[in-house]
Amino acid sequence: MEKQELSVGQVARRCGVAVSALHFYERKGLIFSSRSAGNQRRYGKDVIRRVSVIKAAQQLGVSLAEIESAFASLPRHKAPNRTHWQALSESWHQALSARIRKLEKLRDSLTGCIGCGCLSMDNCPLYNPDDVLGEQHTGPVMLERDD
Ligand code: FES
């Protein structure tokens, strides 16, 4: 093994993640490896920073899809540098702020439901009478709206 190359086990230990997680990240195109003569994965040291950024983003609640999207703008075989991290963290900050606003709104609308359990068709903000929104949208539309 060349000096700058790491085995999957070494990367897993250094980053504190399971080998299976590294395989998953690689399938998602978040990290990249080459193959040794014996067909084993070998990683450059840049992978440690990439995995660290993935872990940090996941701790912030950033979805894997958002991480994938953000990583698409990074150089493929280079570690994210300070400039990259600033751009990533700024975009994730905005997304997190929007998510927090939605959760605060949901929390406030649930105040009357706490301890109630009626799911009243007339009064409960959780109830969606006649599935009106379902005719135009799919999923939890009320939770996804910004207004
Ligand atoms: S559960 Fe009673 S108002 Fe929502």
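This text follows the structure it describes.
Small disclaimer: the values here were computed from a predicted structure and weren't measured.

Visitor: Would you mind going over the packing of aromatic side chains with me for this structure?
Guide: Geometrically, a pair of aromatic rings is defined through the distance of the ring centres and the angle of the planes. A full pass over the atoms with the stated rule returns two aromatic pairs. For the pair Phe24 and Tyr25, a centre-to-centre distance of 6.4 Å together with 55° between the ring planes defines the contact as tilted. Given a relative accessible area of 6%, Tyr25 falls into the buried group. Between Trp85 and Trp92, the ring centres sit 6.2 Å apart and the planes meet at 70°, which makes this aromatic pair edge-to-face. Using a relative accessible area of 33% as the deciding quantity, one classes Trp85 as partly exposed.

Visitor: Can you help me understand helix α2 (residues 19-27) in this one?
Guide: Given 3.6 residues per turn, any residue in an α-helix points the same way as the ones three and four places further on. What α2 keeps buried is the set Ala21, Leu22, Tyr25 and Glu26. Buried residues of α2, viewed axially, fall in a sector of 140°; they line one side. Of the exposed residues in α2, those oriented more than 90 degrees away from the buried face are Ser20 and Arg27. Among the structural elements, α1 (8-15), β3 (41-44) and α3 (46-59) are those in contact with the buried residues of α2. Looking one or two places after α2, you find Gly29, whose phi comes out positive at around 80°.

Visitor: What is the right way to read the pattern of salt bridges from this model?
Guide: Between side chains of opposite charge, a pair can form as their charged atoms come close. This structure, assessed with the given rule, holds three salt bridges. Here Arg99 makes a salt bridge to Glu66, at a shortest N to O gap of 3.2 Å. With Arg99 in helix α5 (residues 82-109) and Glu66 in helix α4 (residues 64-71), the pair connects residues that are 33 residues apart, well separated along the chain. Overall, the relative accessible area of 29% leaves Arg99 in the partly exposed class.

Visitor: Hey, could you run me through the nonpolar core in this one?
Guide: What tends to happen in soluble globular proteins is that the nonpolar side chains get buried as a cluster. Membership of the largest hydrophobic core comes to 26 residues, with the highest contact counts inside it found for Leu22, Tyr25, Ile31, Val51, Ile67, Phe71 and Trp92. Breaking this core down by element, the ones donating at least two residues are α1, α2, α3, α4 and α5. Looking at this core, the element that brings in the most residues is α3, giving six residues. If we skip the residues at most four places from it in the chain, Trp92 touches Val53, Ala57, Val62, Glu66, Ile67, Ala70 and Trp85.

Analysis parameters
Residues numbered from 1 in each chain as written. Predicted model: local features only at pLDDT ≥ 70, side-chain atom pairs only at ≥ 80, totals over all residues. Heavy atoms only, no water. Phe/Tyr/Trp six-rings, centres within 6.5 Å; stacked < 30°, edge-to-face > 60°. Buried < 20%, exposed > 50% of the residue type's maximum accessible area, 1.4 Å probe, protein only. Helix = DSSP H or I, 4+ residues; strand = E, 2+ residues; numbered from the N terminus. Arc of directions from axis to C-beta. Contact = heavy atoms within 4.5 Å. Salt bridge = Lys/Arg side-chain N within 4 Å of Asp/Glu carboxyl O. Core = buried A, V, L, I, M, F, W, Y, C linked by side-chain atoms within 4.5 Å.

As far as function goes, none of this settles anything; it's purely spatial.
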